[in-house]
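Each chain, letter by letter, is given below.
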Amino acid sequence: MKLSHKSILIAVLVGVGPFAASCAKSQPANLPAPQLREVPADAATMRLSFAPVVKRAAPAVVNVFSRRIVRTQVDPFWGMFMGGGIPQERVAQSLGSGSIVRPDGVIVTNHHVIEGAQEITVVTADRREWPATVLLDDQRADLAVLKIDAKGERLPAIAIDDTTDIQVGDLVLAIGDPFGVGQTVTNGIVSALARSDVGVNNFSSFIQTDAAINPGNSGGPLVDMNGNLIGVNTAILSGSGTSSGVGFAIPAALVKQVVTTALGGAHAVVRPWLGLKPQALTGEMARSLGLAAPQGVLVADLWPGGPAAQAGIARGEVIVSVDGKPVYDPTSLNYAAATLAPGATANLVVRKAGGADRTVAVRLAAPPDTPAKDQRTLSGRNPLNGATVINLSPAAAEDLGLDPFAGTGVIVTAIQSGYAANLGLQPGDFIRSINGTEVNTVAGLAAALAQPANAWTIVIERNGQRITAQVQG
């Protein structure tokens with residue numbers, strides 16, 4: 001029988017049809033027994049299989065489906081034909097992966113997989129479906145901890161390996177559900193460590209891998225050759241939206257911190273801070289400071305009475321390492337602090353310009369919440385109607401991913417439909433005064449807006465510049 005190129009390709013790739021069946025029937029009956037599979041231990045055994053690792057880890061990997069109702073306003077013209085402009089609803093769905101990290105049904109995944117979800121369903125490797133609740137959702141770390149009711153059953157779980165004993169070149173597996181096709185395993189190596197310029201958050205230190213990670217892999221585990229979770233797959237660098245061999249995973253140290261916090265009953269992670277403003281070093285700055293290379297971060301500012309100031313660190317000094325781990329930029333410094341707990345002591349190696357290194361013990365603390373947190377969406381007949389504002393303290397700045405040294409006062413965090421949108425107000429604007437009354441707190445702002453007025457003079461600060469707006473009442 002003569003086959004075209006096309007039919008041969010289908011037979012090889014799909015393995016169906018009479019051609020494949022006839023080949024299968026023609027195989028000798030005395031086939032050798034399957035070889036015993038074991039984990040590759042060295043270069044000489046690289047021809048062996050990853051199956052033992054997959055067998056150990058894959059049963060603990062789950063699919064995470066989230067659903068939420070999205071309301072959209074129909075244009076008034078089309079509303080005549082679609083219900084008179086009544087808001088329409090549609091169901092938005094998200095698919096990701098996750099890992100069972102405790103046999104009683106505790107699961108870790110990405111924040112962006114369940115963001116805004118009103119309903120979350122977890123599908124375990126045996127295809128059972130379970131409703132899930134959120135124990136903790138950490139947007140800044142892009143991690144979420146879920147819980148399913150296992151009803152006393154001990155589910156397969158994967159261990160979190162936060163020993164940081166990872167080296168570039170180590171073999172790893174990425175397990176998840178790319179494109180919703182079902183559980184898939186890809187292999188690769190650790191391509192780089194401490195990637196801090198990915199842009200996902202301001203305290204990242206990602207593991208980079210060339211193991212294929214595609215949409216749907218988010219939240220799934222990056223697994224070492226012991227079958228342990230060393231990272232949570234979270235992002236890719238790609239021009240097409242599919243894997244290009246540059247994927248990033250959140251390290252297990254940060255994952256374990258979030259899971260431990262959730263199991264302790266907290267609904268938010270309180271991360272310590274150093275009380276300093278770090279600045280990246282350029283080559284020119286390093287030379288002016290007498291440094292051989294631009295490694296470390298410059299202490300550009302200190303919070304009065306903060307942990308770094310109390311430890312004796314001064315402006316202009318360079319932080320070289322934290323607890324023996326080198327610091328390359330502000331993001332890696334923030335990550336080193338973020339993986340510790342408030343009250344812990346960190347040993348920082350600092351260097352003066354042209355001077356010798358010294359080790360400084362800094363007792364970390366939670367960022368101060370002064371003034372006290374007060375967030376509200378403004379309403380009423382005033383120009384700021386529809387603006388969400390908050391008292392900016394170091395604690396609030398950390399939660400929002402803002403610069404704690406940007407200033408204090410009342411800052412706009414969001415704009416909804418209302419007068420504020422017409423005014424041109426933007427998230428990040430400080431409200432400095434209303435009709436000549438200085439504004440320092442949200443309560444003070446609300447009191448100023450409650451005063452009757454025929455016209456409003458509002459002073460805002462944007463990117464360090466003060467802008468005055470005149471609005472008629």
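For the structure, check the block above.
Nothing here was measured: the structure is a model prediction, and the numbers come from that model.

Some thoughts on the overall build of the protein chain
A count of helices and strands for the protein chain gives 12 helices and 25 strands. Across the 473 residues of the protein chain, 42% fall into the buried class. A separation of at least 24 residues holds for 57% of the contacts in the protein chain among residues at least 6 apart in sequence. Counting every atom, the protein chain has about 24,400 Å² of accessible surface; 53% of that belongs to carbon and sulfur.

Quick notes on the pairing of strand β22 (residues 430-434)
Note on strand geometry: in a regular strand, side chains alternate between the two faces of the sheet. For β22, the buried fraction is high: five of the five residues fall into the buried class. Examined bridge by bridge, β22 and strand β24 (residues 455-462) share four bridges and lie antiparallel to one another. In the sheet register, F430 faces β24, and the bridge partner there is E461. Bridge count between β22 and strand β23 (residues 437-438): two bridges; the pairing is antiparallel. Within β23, the position partnered with I434 by the bridge is T437. What sits between the antiparallel neighbours β22 and β23 is a turn of two residues, in which N435 has the positive phi angle 50 degrees.

Quick look at the pattern of salt bridges
Scanning all chains against the criterion turns up 15 salt bridges. We note a salt bridge from D149 to K151, for which the minimum N-O separation is 3.5 Å. Here K151 falls in the exposed class, since its relative accessible area comes to 71%. For the salt bridge of D429 with R462, the shortest nitrogen-to-oxygen distance reads 2.8 Å. Remark: R462 occurs in strand β24 and D429 occurs in the loop between α11 (419-423) and β22; sequence separation between them is 33 residues. Here D429 falls in the buried class, since its relative accessible area comes to 1%. The exposure class assigned to R462 is partly exposed, which follows from its relative accessible area of 21%. Here the salt bridges share partners, and the residues they tie into one network are D126, R128 and E153.

Here's the deal with the layout of surface pockets
If you add up the space inside the largest pocket, you get close to 680 Å³. In terms of lining, the largest pocket is formed by 23 residues, of which the most central are T164, A194, S205, K325 and Y335. Breaking the lining of the largest pocket down by element, the ones donating at least two residues are β8 (184-195), α6 (252-263), β16 (325-326) and α9 (330-338). In the lining of the largest pocket, the residues fall into 15 nonpolar, four polar and four charged. Roughly 530 Å³ of volume is contained in the second largest pocket. Lining the second largest pocket are 19 residues, with R140, A268, V269, E398 and D399 sitting closest to its centre. If you list the elements that add at least two residues to the lining of the second largest pocket, you get β5 (129-138) and α10 (394-400). Counting residues per element, the lining of the second largest pocket draws most heavily on α10, at five residues. Looking at the lining of the second largest pocket residue by residue, the classes come out as eight nonpolar, three polar and eight charged.

What to know about the pairing of strand β7 (residues 171-176)
With five of six residues buried, β7 is to be regarded as a mostly interior element. Pairing of β7 with β8, which is carried by six bridges, proceeds in the antiparallel orientation. For L173, the partnering residue across the bridge sits in β8 and is N187. Of the pairings in the sheet, the one linking β7 to strand β10 (residues 221-223) comprises two bridges and is antiparallel in character. If you follow L173 over to β10, its bridge partner there is V223.

Describing the nonpolar core
With 47 residues, the main nonpolar core has V64, V122, L143, L146 and V255 as its most contacted residues. It is α6 that provides the largest number of residues to this core, a total of six residues. L276, I313, V327 and L364 belong to the second-largest nonpolar core, a separate cluster that totals 19 residues.

What to know about the packing of aromatic side chains
Within the structure shown, the criterion is met by three aromatic pairs. Geometrically, the ring pair formed by W303 and F405 is edge-to-face, given 5.7 Å between the ring centres and 80 degrees between the ring planes. Of this pair, W303 sits in the loop between β14 (297-302) and α8 (307-311) while F405 is found in the loop between α10 and β21 (409-415), placing the two residues 102 residues apart along the sequence. Among the aromatic residues, ring-to-ring pairing joins W273, W303 and F405 into one connected group.

Considerations on helix α12 (residues 442-449)
Side chains of residues three or four places apart in an α-helix project in the same direction, reflecting 3.6 residues per turn. Within the span of α12, buried status applies to V442, L445, A448 and L449. Around the axis of α12, the buried residues are gathered within 120 degrees of arc, so they sit on the same side.

Quick notes on the rules
- Residues numbered from 1 in each chain as written.
- Predicted model: local features only at pLDDT ≥ 70, side-chain atom pairs only at ≥ 80, totals over all residues.
- Heavy atoms only, no water.
- Helix = DSSP H or I, 4+ residues; strand = E, 2+ residues; numbered from the N terminus.
- Buried < 20%, exposed > 50% of the residue type's maximum accessible area, 1.4 Å probe, protein only.
- Contact = heavy atoms within 4.5 Å.
- Areas by Shrake-Rupley, 256 points an atom, 1.4 Å probe, with all protein chains shown as cover.
- Pairing = 2+ DSSP bridges.
- Salt bridge = Lys/Arg side-chain N within 4 Å of Asp/Glu carboxyl O.
- 1 Å grid on protein atoms, 1.4 Å probe; cavity = no way out; pocket = protein on both sides within 12 Å on 5 of 7 lines; lining within 4 Å.
- Points joined across faces, edges and corners; volume = space filled by probe spheres on them.
- Nonpolar A, V, L, I, M, F, W, Y, C, P; charged D, E, K, R; others polar.
- Core = buried A, V, L, I, M, F, W, Y, C linked by side-chain atoms within 4.5 Å.
- Phe/Tyr/Trp six-rings, centres within 6.5 Å; stacked < 30°, edge-to-face > 60°.
- Arc of directions from axis to C-beta.

Just geometry here; none of it tells us what the structure is for.
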